[in-house]
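Chain and residue survey
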Amino acid sequence: MSEPEETGFLYPFIDAEERDAGPLLRDLAASARSKAAESARLQQESIDEWGAALESAGERMARVFARGGRLYTFGNGGSSTDAATLASLFSRPARGRPVPAWSLAADQAVVTALGNDVGFDLIFSRQIIAHAKPVDVAIALSTSGNSDDLMTALAEARFRGLLTVGFAGHDGGRMAVTDDLDFCFTVRSQSIHRIQESHALLGYRLWEVTQEHLERDTETAGGRS
């Protein structure tokens, strides 16, 4: 029988065998407040660092969508769900203009078939080959910035002329130094949870900027007609 997994480094107050509920609840509340404060601080720092680049990326993405381009997002694990959320934000927004957007990790039949038949490193690049055109956008999300399947897909997207955007964490990893990305937004933290929370905010801001430019371009075109 395997040894029980140690969790004390995550929540030391839970393993302390505290019998009084009061101190435990206070510790839990303090932990939650600390994590929320750290998340808010990191999100603000990330917006401050990448605000201008997000503006540039959103402007370029708006031009892509105005020409009929599509968005493809992809990531692994928790980042695959973030990729799906981002694609949904663009394709089914609560307000603004919907644009064509797909998460390449969403179809489990396609992902598992490609992983089984040609290898996991090619699960996204093969979909880029099958579907993408030079007028499209590829967005990769990774907390490490080092995932082989993402880097392979980004190289394929670059080769095919797509606008490429990456969301990374820690020091940015390979994403931060590759020539295959037009934009790389690195959240400078060692915590996967905090990185993904900031990725969500940066992704929302990218969508917001894109919508602003799409609306502006529509109004300009209407004024010329």
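Our subject is the structure listed above.
In what follows, the accompanying structure is described. Here, residues in each chain are numbered from 1, in the same order as that chain's written sequence. Predicted model: local features are reported for residues with pLDDT of at least 70 only, side-chain atom pairs are reported and counted for 80 or more only, and whole-chain, interface and lining totals are derived from all residues. With hydrogens and water set aside, each side-chain value is computed from the structure's full complement of heavy atoms.

This part covers the packing of aromatic side chains. Between 30 and 60 degrees the pair is tilted, below 30 it is stacked and above 60 it is edge-to-face, where a pair is any two Phe, Tyr or Trp rings, Trp via its six-membered ring, whose centres lie within 6.5 Å. Tallied over the entire structure, the rule returns seven aromatic pairs. Pairing phenylalanine 65 with phenylalanine 90 gives two aromatic rings, centres 6.0 Å apart and planes at 45 degrees, and the pair type is tilted. Linking phenylalanine 65 in helix H1 (residues 21-66) with phenylalanine 90 in helix H2 (residues 78-91), this pair joins segments that are 25 residues apart in sequence. Under the scheme applied here, a residue whose accessible area is under 20% of the maximum for its type counts as buried, over 50% as exposed, and between as partly exposed, the area being computed with a 1.4 Å probe on protein chains only. Classification of phenylalanine 65 as buried rests on a relative accessible area of 4%. Secondary structure counts use DSSP, requiring at least four H or I residues in a row for a helix and at least two E residues in a row for a strand, with both numbered from the N terminus.

Moving on to the pattern of salt bridges. For salt bridges, the criterion is a side-chain nitrogen of Lys or Arg within 4 Å of an Asp or Glu carboxyl oxygen. Applying the stated criterion across every chain yields a total of 13 salt bridges. One salt bridge in this structure joins glutamate 49 and arginine 188, with 2.8 Å as the shortest N-O distance. Of the two residues, glutamate 49 sits in helix H1 while arginine 188 sits in the loop between strand S5 (183-187) and helix H6 (192-224), which places them 139 residues apart along the sequence. For arginine 70, the salt bridge goes to aspartate 136, with nearest N and O atoms at 3.5 Å. Of the two residues, arginine 70 is situated in the loop between H1 and strand S1 (71-75) and aspartate 136 in the loop between helix H4 (125-131) and strand S3 (137-141); the sequence distance between them amounts to 66 residues. A cluster of three or more residues bridged by salt bridges with shared partners is formed by Arg95, Arg205, Glu208 and Glu212.

What follows covers the nonpolar core. To qualify as a nonpolar core, a set must consist of buried Ala, Val, Leu, Ile, Met, Phe, Trp, Tyr and Cys residues joined through side-chain atoms within 4.5 Å. By size, the foremost hydrophobic cluster in this structure holds 29 residues, and its most contacted members are Met61, Phe65, Leu71, Phe90, Ile139, Phe167 and Phe185. If you list the elements that add at least two residues to this core, you get H1, H2, S3, strand S4 (163-169), S5 and H6. The element contributing the most residues to this core is H1, with eight residues. With 21 residues, the next largest nonpolar core counts Tyr72, Ile128, Leu150 and Leu181 among its residues.

A separate point is the pairing of S4. Each regular strand displays side chains that alternate between the two surfaces of the sheet. For S4, a buried count of seven out of seven residues is recorded, marking the element as mostly surrounded by other parts of the structure. Of the two faces of S4, the one carrying Leu163, Val165, Phe167 and Gly169 and the one carrying Thr164, Gly166 and Ala168 are both buried. DSSP calls a pair of strands paired once it identifies at least 2 bridges connecting them. Two strands pair when backbone bridges link them, and S3 and S4 are joined in this way by five bridges, in the parallel orientation. Paired with alanine 138 across the bridge in S4 is threonine 164.

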